[in-house]
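Coordinate analysis (summary)
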Amino acid sequence: DVVMTQTPPSLSVAIGQSVSISCKSSQSLVYSDGKTYLHWLLQSPGRSPKRLIYQVSNLGSGVPDRFSGTGSQKDFTLKISRVEAEDLGVYYCAQTTHFPLTFGSGTKLEIK
Amino acid sequence: EVQLVESGGGLVQPGRSLKLSCAASGFTFSNYYMAWVRQAPKKGLEWVATISTSGSRTYYPDSVKGRFTISRDNAKSSLYLQMNSLKSEDTATYYCARDDYWGQGVMVTVSS
């Protein structure tokens, strides 16, 4: 199984600051079609997860461009520029390249 | 507007069965792979099952293989999860998910 290692486990940031979350996979996430199926999700308190970014760097529908994703092969980063209060919650990376599909353990973002 | 509405959760004894349903609307259901993902209380996300557009292909992690069955009825825009031989470790909120949308979740508690 592909292990997704996400760091840090938690972050505390002031409004307006920028943060980065790392996600490393135990295997390359490049599929046979050449695409990389690494995604980022946000679970706001009491809510179901919402997809923020798909295939490393593509913004989901309605997601503000303060969010950005980079990376390749086994090493990926989610960056949030100019954090807003609504950004608090738990961020997960997820891979859908290999079965079984797997998720990172989550990064809890708190607002100072 | 895309909507995924789960139902069928509840309290069930170990070893018994339960069937979850997910009613989809706002999109052409038959065009999408669908999945179930669960989240144990205060824990992270765990993939449970995926089904192809026609239903001819299904995928499971080892933790539920042989006990859970995912199915769909494209005429009814509905997704199902038949869960047999339930264990206490199956206690979780179960989410119906498209690649970019998640339902609100339904709670399943396995306890005597």
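A few points on the structure. (Residues numbered from 1 in each chain as written. Chains lettered and ligands numbered in written order. Predicted model: local features only at pLDDT ≥ 70, side-chain atom pairs only at ≥ 80, totals over all residues. Heavy atoms only, no water.)

1. Focus: the pattern of salt bridges
Close approach of charged atoms allows side chains with opposite charge to pair. Residue and element names in this part refer to chain B. Inspection of the entire model under this criterion finds ten salt bridges over all chains. One salt bridge connects K65 with D62, and the closest N-O pair in it is separated by 3.5 Å. In this structure D62 comes out as exposed when scored by relative accessible area, which is 68%. R98 is the salt-bridge partner of D99, the closest N and O atoms lying 3.8 Å from each other. Accessibility expressed as a relative area gives 48% for D99, which makes it partly exposed. (Salt bridge = Lys/Arg side-chain N within 4 Å of Asp/Glu carboxyl O. Buried < 20%, exposed > 50% of the residue type's maximum accessible area, 1.4 Å probe, protein only.)

2. Details of the state of the cysteines
Residue and element names in this part refer to chain A. Within the structure shown, the criterion is met by two disulfides over all chains. Disulfide pairing places C23 opposite C93 at an S-S distance of 2.1 Å. As the torsion about the S-S bond is roughly 75°, the C23-C93 disulfide counts as right-handed. You can see C23 sitting in strand β3 (residues 19-25) and its partner C93 sitting in strand β9 (residues 89-95), a full 70 residues away along the chain. A relative accessible area of 0% means that C23 is categorised as buried. (Disulfide = S-S within 2.5 Å. Helix = DSSP H or I, 4+ residues; strand = E, 2+ residues; numbered from the N terminus.)

3. Examining the side chain of S22 of chain A
When you line up the elements, S22 of chain A lands in strand β3. Excluding residues that lie within four positions of it along the chain, S22 of chain A makes contacts with T5, Q6, T7, W40, D75 and F76 of chain A. (Contact = heavy atoms within 4.5 Å.)

4. Describing unusual backbone geometry
Residue and element names in this part refer to chain A. With an omega of -5°, the peptide bond between T7 and P8 qualifies as cis. Looking along the chain, the bond that leaves F99 and enters P100 is cis, with omega of -5°. Tracing the backbone shows P100 in the loop between β9 and β10 (102-103). A positive phi angle is found at Q55, which is not glycine, with a value near 45°. Position of Q55 relative to the elements: it lies in the loop between β5 (50-54) and β6 (58-59). Assessed through its relative accessible area of 25%, Q55 is described here as partly exposed.

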